[in-house]
Amino acid sequence: MKKPQRLTAEVRLTIVTVPFWPLTALQELRSSPNHISREQLGWSIIPEHHLFSSAMSLPSGTNAFDLLMKHSPPFLLRNFRREPGLVRYAAHRGLIKAPEKPDNTMGAYRAALAFGARIIECDVMKCKPEMPGGSEPGFVFCHDRSAGRITAYSSARWEDLTVSEVEDLPIIVRQIKKGAFTEKYWVTDEKASSVDICYDRH
Amino acid sequence: MTSVWEGSRRLLNQYPGLTIIYDTKDDQSPHFVAALSKRPELCSASLVQFYTWGPEDGEQFASQIKAAGAAADWKENVNLVPVVQIQPLAERLFADLRRAPSDPTRDYDDLFARVRTWVDSMMDEGFKVRGIQVLLGGIGESYDRSSGGAFDLAGRPVTDPQILEDYRDDRLLIDLHAYVRAAYPNLPIFSIVRAYDVAQDSRRYKWGPVDGKPEAWGKHSDLFEQHATPGKTRNRYDFDFIVADLFPRALEYEAHLANGIALDEKSGNPWADLTRSVADIPRQT
């Protein structure tokens, strides 16, 4: 898909006045006084085998590949029909490995796919059209209607932001105390959006 | 956050055969369907979920999608999965009837008729409906349609009106499940395993739908506990699809079931436990 062009005076003004842009965004966040270490965040470090309820507890004789092909098959929509008694599974919001791979990040989606899922479920949120008065909005992957949980730059609703304003922002995980966010956060390596899109860009 | 179209193409290029279920919200769904309809390479590998919070019926949904600028052939190309949640339908029903809920049996029957009509309208509109999501937890089995009463999971009468609604709505979904099976026997029924997003000090939270702030399960714990547990509804109801948090555990559950073993049903999500003791878990290096 062709990248949206930033042509209008209004958009240029936005670029100049908002300190979004992106080459130093990660460094900026990581040097912020609100940035804390992963340990300070308080999330457990869970080994891969704890993805299962007990360590690698598939019954003997179970072939993991066959299991995946049966329950999360590729090309699902070819000859799609119900098969009574067979339950198929989609990985909801990817395979979340908090805090490194939060929900609805490319990292979580890829983790699900690397695990072997071939059906994933993704939350999408509508953004503002790139051009003032433009008709087609962009969409980002996110569960929430606003950007505040996963970015440090804006708590605006996605509908008030364009994709090009947000696509490179590093994803953060906010510290939680007594069930509420604090001002502190940890910056993940999840900037897959910028990796993906910059890859195309260059 | 990632642009949906670019991210989807990347994933599909890297993992051929992938199917993506896009979960769209309410008033945004028509815009998403319209935009997706112009990207046929993504249509053929995707399903779009939309909710009862959005369109009032199939006809309105079709006109909203058309107004959003969909491709002319969108009905043939976009695969849809309606998601039935009772609350918006109840709000609209009682607003239309200009009365508050009063008589449990009459309310239940009126509401079930409204739910069924909504589903039928989606099926009758010529959409490519590939399934329907009926997210039930099973707690509604204790709901008595004639008295409007229910018993909680501990066997105590439910007295909080909000919680009673959880039970009533779950009962409606159980009945809807049966209706869909009978009326549309070839239509796959979807469910979901929805784990908590974070737990701290023994309290469980979901990310709030608007600002993403943690929202405690609180008094809805009975229902959310059922939703969060792999295998909980899978063995009691006939589902074709489950959109699962804890995907590996869901597969593990299936593998054991195929061997005649029903694993303990656990709702724990160690990835989301902030206060979990990790003393016995070796650190990753």
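Relevant structure appears above.
Residues numbered from 1 in each chain as written. Chains lettered and ligands numbered in written order. Predicted model: local features only at pLDDT ≥ 70, side-chain atom pairs only at ≥ 80, totals over all residues.

Visitor: Is there a simple way to think about the overall build of chain A in this case?
Guide: When helices and strands are counted, chain A shows 7 helices and 5 strands. Within the span of chain A, comprising 202 residues, buried residues form 40% of the whole. In chain A, the proportion of contacts linking residues at least 24 apart, taken out of those at least 6 apart, comes to 52%. (Helix = DSSP H or I, 4+ residues; strand = E, 2+ residues; numbered from the N terminus. Buried ≥ 20, exposed ≤ 12 C-beta atoms within 10 Å, placed from the backbone. Contact = placed C-beta atoms within 7 Å.)

Visitor: Explain the packing of helix α6 (residues 86–97) of chain B against helix α7 (residues 104–124) of chain B here, please?
Guide: In a pair of packed helices, the angle between the axes and the distance between the axes together describe the arrangement. Residue and element names in this part refer to chain B. Running from amino to carboxyl end, α6 crosses α7 at an angle of 115°, the nearest separation of the two axes being 10 Å. Considered as vectors, α6 and α7 are oriented roughly perpendicular to each other. Read as a crossing pair, α6 and α7 show a hand that is right-handed. In this structure, α6 contributes Ile-86, Leu-89, Ala-90 and Leu-93 to the contact, and α7 contributes Asp-110, Leu-111, Arg-114, Val-115 and Trp-118. Considered class by class, the residues forming the contact of α6 with α7 number 7 nonpolar, no polar and 2 charged. (Axes fitted to C-alpha atoms, helices over the stretch in contact; angles between N-to-C directions. Parallel < 35°, antiparallel > 145°, perpendicular 65-115°, else oblique. Left-handed = near helix turned anticlockwise from the far one by under 90°. Nonpolar A, V, L, I, M, F, W, Y, C, P; charged D, E, K, R; others polar.)

Visitor: Is there a simple way to think about the pairing of strand β8 (residues 203–207) of chain B in this case?
Guide: Residues and elements named next belong to chain B. Burial within β8 is extensive, with 4 of its 5 residues counted as buried. Relative to β8, strand β7 (residues 198–200) runs antiparallel, the two being bridged by 3 bridges. Residue pairing in the sheet places Val-198 in a bridge with Tyr-205 of β8. Between the end of β7 and the start of β8, which pair antiparallel, lie 2 residues, with Asp-201 showing a positive phi angle near 50°. In terms of strand pairing, β8 meets strand β9 (residues 214–216) through 3 bridges, oriented antiparallel. Across the sheet, Tyr-205 pairs through a bridge with Ala-216, a residue of β9. Two successive antiparallel strands, β8 and β9, enclose a turn made up of 6 residues, where Gly-212 displays a positive phi of approximately 75°. (Pairing = 2+ DSSP bridges.)

Visitor: Is there a simple way to explain the interface of chain A and chain B in this structure?
Guide: In many reports, interface size means the accessible area that the parts give up when they come together. Across the contact, 78 residues belong to chain A and 75 residues belong to chain B. For the side of chain A that touches chain B, the element with the highest residue contribution is strand β2 (residues 119–126) of chain A, accounting for 7 residues. Considering only residue class, the side of chain A that touches chain B consists of 48 nonpolar, 15 polar and 15 charged. By the bridge criterion, 5 bridges tie β2(A) to strand β1 (residues 19–23) of chain B in an arrangement that is parallel. Paired with A:Ile120 across the two strands is B:Ile20, which belongs to β1(B).

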